[in-house]
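# What the coordinates show
The lines below spell out each chain.
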2 protein chains.
Amino acid sequence: MDAKRLESQLAFIREIDKIKGIARQSLLFDGSRFENDAEHSWTVCVMALVLAEYSNEKVDLGRVIQMLLVHDVVEVDSGDTFLYAPERDSAAVADREERAARRIFGILGEDQGRPLLETWLEFEARETAEARFAAVLDRLEPLLQNYANSGFTWKKHGIRSSQVVERNAHIAEGSAELWDYARGLIEESVKRGYLAE
Amino acid sequence: MDAKRLESQLAFIREIDKIKGIARQSLLFDGSRFENDAEHSWTVCVMALVLAEYSNEKVDLGRVIQMLLVHDVVEVDSGDTFLYAPERDSAAVADREERAARRIFGILGEDQGRPLLETWLEFEARETAEARFAAVLDRLEPLLQNYANSGFTWKKHGIRSSQVVERNAHIAEGSAELWDYARGLIEESVKRGYLAE
């Protein structure tokens, strides 16, 4: 066994453990507290397992799950950028996250770090069937959480339904069925006063 | 789309979300607080991804990860049983956990719930290469956490090194190399006073 290699692998595990301290903007389903990035990552992986049948395209489920396992590790350096933050799609955020990905996956040897960096870049680019479906789950989870918590995050930040539709519309590219369902939730949220018209 | 089916799938996701409120006995690597079951599940999945090369036998990594994603959901009903608790291997705990598994996976339709129940039973039985390797990661994570936190959990519960060796020895069945590494950590922990002789 190559002791130095194993130490690098365990250093990577310890480094990404920090996402357990990175709070998201959404509450857990029971509303008790904010979810952290590690918990979110676990949930979207289980969602992939259970909801795979709704993908528009046939996907390699193992690759979807690998993508979702590591999609948020960059937030160790860059923090969580709120979905509705104005800077969300900026080059500055993209650049900061890519630098973080290179540093963090770089803790591993090239033979492992490179494929994981490519997996992360694939998720970000949303140009493959797996990345499109992974993005569905990444967006659907906070929608479900907000609906379960009477629109907590939407109300807190004064988000309007048109913003929710605009920011989540790419769910349709990965799953027309789940986008139909999500649009129903958004409409119902407006009716119930969880979300501003 | 079968609306009732999707509602069952989402009810399952909401139900297992409760493991985010189930604290384990080990601290996060940074020692800031106890880890919960969802965070643990995420970490052992990433460990599977990064440490697969140390499995004694060739494994289907996708199946290892599926097993690890759901291995702790029974704790929604049964709670976390401490590794060193006297009742850990009792028929009563096994029975309670199996009833929990049947109830929780039973929220899903038979076509999805049955295979997930079988995956969970396979993990518990440790009779396949995938289950043996999944068990390695389930045991290795708290060892690493305890070492990183100067033996916090061992000291708190007065655990001795012979107990740690006995309870973790089956790591060798899944990975001789990681068991060698773990034994080194245990010995070093005794030397440093993290763990009683």
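A quick note: this is a predicted structure, and the numbers were derived from the prediction, not measured.

On to the overall build of chain A, then. From N to C terminus, chain A includes eleven helices and two strands. Listing the helices and strands of chain A from first to last along the sequence gives α-β-β-α-α-α-α-α-α-α-α-α-α. The C-alpha atoms of chain A give 17 Å as radius of gyration, which agrees with the globular expectation for 197 residues (16 Å, within 12%). Contacts spanning at least 24 positions in sequence make up 68% of the contacts within chain A whose residues lie at least 6 apart. On chain A, the mean spot of the 25 positive side-chain charges and the mean spot of the 36 negative ones are 3 Å from each other.

Bringing the interface of chain B and chain A into the picture now. Across the contact, 45 residues belong to chain B and 45 residues belong to chain A. Here chain B meets chain A over a buried area of about 4000 Å², counting both sides, of which 72% is carbon and sulfur. Of all residues in chain B, B:Lys20, B:Trp42 and B:Leu69 bury the most surface against chain A, accounting for 19% of the area lost on that side. There are four salt bridges connecting chain B and chain A. With a shortest N-O distance of 2.7 Å, A:Lys20 and B:Glu35 are connected by a salt bridge.

What follows concerns the packing of aromatic side chains. Residues and elements named next belong to chain A. Considering all chains together, one arrives at eight aromatic pairs over all chains under this definition. Look at Phe12 and Phe105: their rings are 6.1 Å apart centre to centre, the planes differ by 35°, and that puts the pair in the tilted class. Pair noted here: Phe12 is in helix 1 (residues 3-16) and Phe105 is in helix 5 (residues 91-105), with a separation of 93 residues, a long-range link.

Below, the discussion takes up the pattern of salt bridges. Applying the stated criterion to the full structure yields 34 salt bridges over all chains. The salt bridge involving A:Glu122 is made with A:Arg63; its shortest N-O contact spans 2.4 Å. In this pair, A:Glu122 is assigned in helix 6 (residues 110-125) and A:Arg63 in helix 3 (residues 61-70), connecting sequence segments 59 residues apart. Judged by its relative accessible area of 17%, A:Glu122 falls in the buried class. Measuring nitrogen to oxygen at the nearest pair gives 2.7 Å for the salt bridge that ties B:Arg33 to B:Glu39. One network of salt bridges, with partners in common, ties together A:Asp17, A:Lys20, B:Arg24, B:Glu35 and B:Asp72.

Next up on the list: unusual backbone geometry. Residues other than glycine predominantly adopt negative phi, and peptide bonds predominantly adopt the trans conformation. The phi torsion at A:Arg126 lies on the positive side, around 55°, for a residue other than glycine. Positionally, A:Arg126 belongs in the loop between helix 6 and helix 7 (129-148).

Counting 127 residues, the largest nonpolar core has A:Phe12, A:Leu69, B:Phe12 and B:Leu69 as the members making the most contacts within it. Each residue touching B:Leu69, except ones within four places of it in the same chain, is listed here: A:Trp42, A:Cys45, A:Val46, A:Leu49, A:Ile65, B:Ser41 and B:Cys45.

Next up on the list: the side chain of B:Asp138. All names here are of chain B. You can see Asp138 is positioned in helix 7 (residues 129-148). In this structure, Asp138 is buried with no salt-bridge partner, the nearest side chain bearing the opposite charge being Arg139 at 4.8 Å. The contacts of Asp138, once residues within four sequence positions are left out, are His40, Val44, His71 and Phe123.

Thresholds applied
- Residues numbered from 1 in each chain as written.
- Chains lettered and ligands numbered in written order.
- Predicted model: local features only at pLDDT ≥ 70, side-chain atom pairs only at ≥ 80, totals over all residues.
- Heavy atoms only, no water.
- Helix = DSSP H or I, 4+ residues; strand = E, 2+ residues; numbered from the N terminus.
- Rg over C-alpha atoms; globule rule 2.2 N^0.38 Å.
- Contact = heavy atoms within 4.5 Å.
- Lys, Arg positive; Asp, Glu negative; His and termini not counted.
- Charge placed at Lys NZ, Arg CZ, Asp CG, Glu CD.
- Buried area = accessible area lost by both parts, 1.4 Å probe.
- Salt bridge = Lys/Arg side-chain N within 4 Å of Asp/Glu carboxyl O.
- Phe/Tyr/Trp six-rings, centres within 6.5 Å; stacked < 30°, edge-to-face > 60°.
- Buried < 20%, exposed > 50% of the residue type's maximum accessible area, 1.4 Å probe, protein only.
- Core = buried A, V, L, I, M, F, W, Y, C linked by side-chain atoms within 4.5 Å.

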